[in-house]
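The lines below spell out each chain.
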Amino acid sequence: GFVLMQMGVFMPLGARIRGLFLEAVKTGNPLVDSVAEHSPSNDQAFDMYLGKARYLALIGMLFCWHQRTPAKFLPPLYALVSYHYSLKMSRLMIICGPIVS
């Protein structure tokens, strides 16, 4: 890993990616920072776009969890990751669609 880093294979994370992890970091581009899609989402947005199906998805995940294969970890992991990132940026709520369906 160190050799690859010295060769320049791994680059520092961009401002947009850092903005997902650190709330205080802005992209530096006023146009990007002011776009409403880049603002954090809230519970009303989840209710409007995903509706009652998000509660049924929890029941579906319980059924997935009782399977005897290692694949049972994928739906809860996907749901947690998609929920985390959709809270950071409202346009990323689209990645919650597959797990709710």
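See above for the structure.
Below, the structure is looked at part by part. Quick caveat: nothing in here was measured; it's all calculated off a predicted structure. (Residues numbered from 1 in each chain as written. Predicted model: local features only at pLDDT ≥ 70, side-chain atom pairs only at ≥ 80, totals over all residues. Heavy atoms only, no water.)

1. With respect to the overall build of the protein chain
So, step 1. From N to C terminus, the protein chain includes seven helices and zero strands.
So, step 2. Looking at the 101 residues of the protein chain, the share that counts as buried comes to 19%.
So, step 3. Here the analysis covers contacts within the protein chain between residues at least 6 apart in sequence; of these, 52% occur between residues at least 24 apart.
So, step 4. Surface accessibility of the protein chain: about 7900 Å² in total, with carbon and sulfur atoms responsible for 69%. (Helix = DSSP H or I, 4+ residues; strand = E, 2+ residues; numbered from the N terminus. Buried < 20%, exposed > 50% of the residue type's maximum accessible area, 1.4 Å probe, protein only. Contact = heavy atoms within 4.5 Å. Areas by Shrake-Rupley, 256 points an atom, 1.4 Å probe, with all protein chains shown as cover.)

2. Structural notes on the environment of alanine 53
So, step 1. In this structure, alanine 53 sits in helix α5 (residues 53–65).
So, step 2. A residue is classified by how much of its surface remains accessible, and alanine 53, at 30% relative accessible area, is partly exposed.
So, step 3. Separated by 47 residues in sequence, alanine 53 and valine 100 place their C-alpha atoms 6.2 Å apart.

3. Observations concerning the environment of aspartate 43
So, step 1. Mapped onto the elements, aspartate 43 comes out in helix α4 (residues 43–50).
So, step 2. We classify aspartate 43 as exposed; its relative accessible area is 56%.
So, step 3. For aspartate 43 and leucine 87, which are 44 residues apart along the polypeptide, the C-alpha to C-alpha distance reads 9.1 Å.

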